[in-house]
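Here are the chains, one letter per residue:
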Amino acid sequence: MILDNNGYSSNNETDQGADNKLYSEKPQQESGQIKGMFLIGLLTGVVISALTASCIFVGIRFGDVIQRKKARTASTEGAAAQNVVNDDSMAKLEAIEEVIGKYYYQEEDINTDQMIEGMYAGIVASLGDPYSVYYTEEEWKEMMQETEGIYYGIGAYISLDKTTGFGKINGVIENTPAQDAGLRENDIIYKIEGESAQGLDLTEIVSRIKGEEGTTVHLTIYREGEKDYLEMDVVRKKIESPTVNYEMLSNDIGYIQITEFDDVTVNQFSEAMAEIQKAGAAGLILDLRSNPGGSLSAVVDISRQLLPEGLIVYTEDRAGERVEYSCDGEHEIRIPMVVLINGNSASASEILAGAIKDYGKGVLVGTTTFGKGIVQRILPLTDGTAIKLTVSAYYTPKGNNIHNIGIEPDIVCEFDGDAYYDDGIDNQLEQGIKEMNKLMHG
């Protein structure tokens, strides 16, 4: 199921801020280890982050819908106004189409197919839920391709900013066009190719930024503290990125960063755990900062490698039906753990952080998380289109719904952007190391 922004087609459940150094003095890395970077956000292909439920093929055939509609109409005459599709709405649509066809001043711009797709999208948009989306056939194909982990874009994670409604850079992937252009976490995408991005949903923002390899997209960026907008030309390219980064820090501290929860993340995390254990890790720093979410099944499987026996998370739909996800405790972590979080840690990452906090298995360091406590489900239709709908809320083991609230850290540590971008000093990671040393040595 989708907890938020990812809209993947995988058969599992899923849902919302880089530099050269992680810390001031970087120890030698073992061969094969990957340099962890704190700010990897939403890949571009700019993956739409979400805790996404299983992608269930609905198999809705439109002939069947018509027959059911006729049966309902025959048995509920006089109540048609309660249905979106009824004689009155059809008559009005015909009238609107006729008026446009007769009076719109640029007749060549009238596209019937786009009108139809816009009508479908408008019905879903009328819910007022930013996580419920209608996908055209082309958009749905692109979404399925993104599950392969290969994207053609700029190498940035993107979400919708809750305050402004504009797209926001959640994070930047190392050695990508986004990093080369100077994009940073929390940059607001004000314009795309000179056109305002205000009012666009996340799918449209992603679509406009993506494009053929070698082409350029021009972005107008608002960055807090700057006197004027920043104009950036970013070259699109093929982007491939792991979802798990790891290394050994000093004093036998293992570091694992999860950038998002995909199908491939579970095995990558298992490999990372095995490597740091082999290297003699006496403590684990788990970095969930700017992780936008992803697959519910992936975060549950990873939780089972860390948590004691008991509930991991449960969901409740509108009928109060409850689905529980539990852990047998056989692989409970036995070393101290520190978890790094921030305001861009969302959805699936909040499930993991919330469960760790409820069980007292680790110390949370950073800032309050995004606060996405709802689940989406992707429903493909038989004509090649699909709908993503919010279908339930999720709760931490202690019964907390964190939607629009977030998870508070045990140790508050605001990110020092100036120190990071100017000197490569990650003050939140350094605070995490400090707390880990306390846990390990008292």
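The coordinates are above.
Residues numbered from 1 in each chain as written. Predicted model: local features only at pLDDT ≥ 70, side-chain atom pairs only at ≥ 80, totals over all residues. Heavy atoms only, no water.

## Some thoughts on the environment of Y134
You can see Y134 is positioned in strand β2 (residues 133-135). Taking the C-alpha atoms as reference points, Y134 and E117, separated by 17 residues in sequence, lie 8.8 Å from one another. Not counting residues within four places of it along the chain, the set of residues in contact with Y134 comprises E117, Y120, A121, V124, E139, T385, A386 and I387. A polar contact is formed between the side chain of Y134 and the side chain of E117, at a distance of 2.5 Å. (Helix = DSSP H or I, 4+ residues; strand = E, 2+ residues; numbered from the N terminus. Contact = heavy atoms within 4.5 Å. Polar contact = N/O pair within 3.5 Å; in protein donor to acceptor, adjacent residues only side chain to side chain.)

## Here's the deal with the packing of aromatic side chains
Per the counting criterion, the structure on display carries eight aromatic pairs. Centre to centre, the rings of Y314 and Y395 are 5.0 Å apart; their planes meet at 10°, and the pair counts as stacked. Taken as a pair, Y314 in strand β14 (residues 310-317) and Y395 in strand β19 (residues 386-395) lie far apart in primary sequence, 81 residues in all. Take Y314: its relative accessible area is 8%, and that puts it in the buried class. Ring geometry for Y420 versus Y421: centroids 5.3 Å apart, planes at 85°, classification edge-to-face. Each member of the pair, Y420 as well as Y421, is classed as buried. Through successive ring pairs, a cluster of aromatic residues spans F166, Y190 and Y229. (Phe/Tyr/Trp six-rings, centres within 6.5 Å; stacked < 30°, edge-to-face > 60°. Buried < 20%, exposed > 50% of the residue type's maximum accessible area, 1.4 Å probe, protein only.)

## What about a nonpolar patch on the surface?
A cluster of nonpolar side chains, namely V84, V85, M90, L93, M115, I116, M119, Y120 and I123, defines an oily patch on the protein surface of about 710 Å² accessible area. Mapped by element, the contributors of at least two residues to the nonpolar patch are α2 (87-103) and α3 (112-125). Counting residues per element, the nonpolar patch draws most heavily on α3, which supplies five residues. For L93, the location among the structural elements is in helix α2. With relative accessibility at 36%, the residue L93 sits in the partly exposed group. (Patch = residues over 30% accessible without salt bridge, like charges linked within 9 Å, V, L, I, M, F, W, Y side chains within 5 Å. Areas by Shrake-Rupley, 256 points an atom, 1.4 Å probe, with all protein chains shown as cover. Salt bridge = Lys/Arg side-chain N within 4 Å of Asp/Glu carboxyl O.)

Function-wise, these values are silent; they only describe arrangement.
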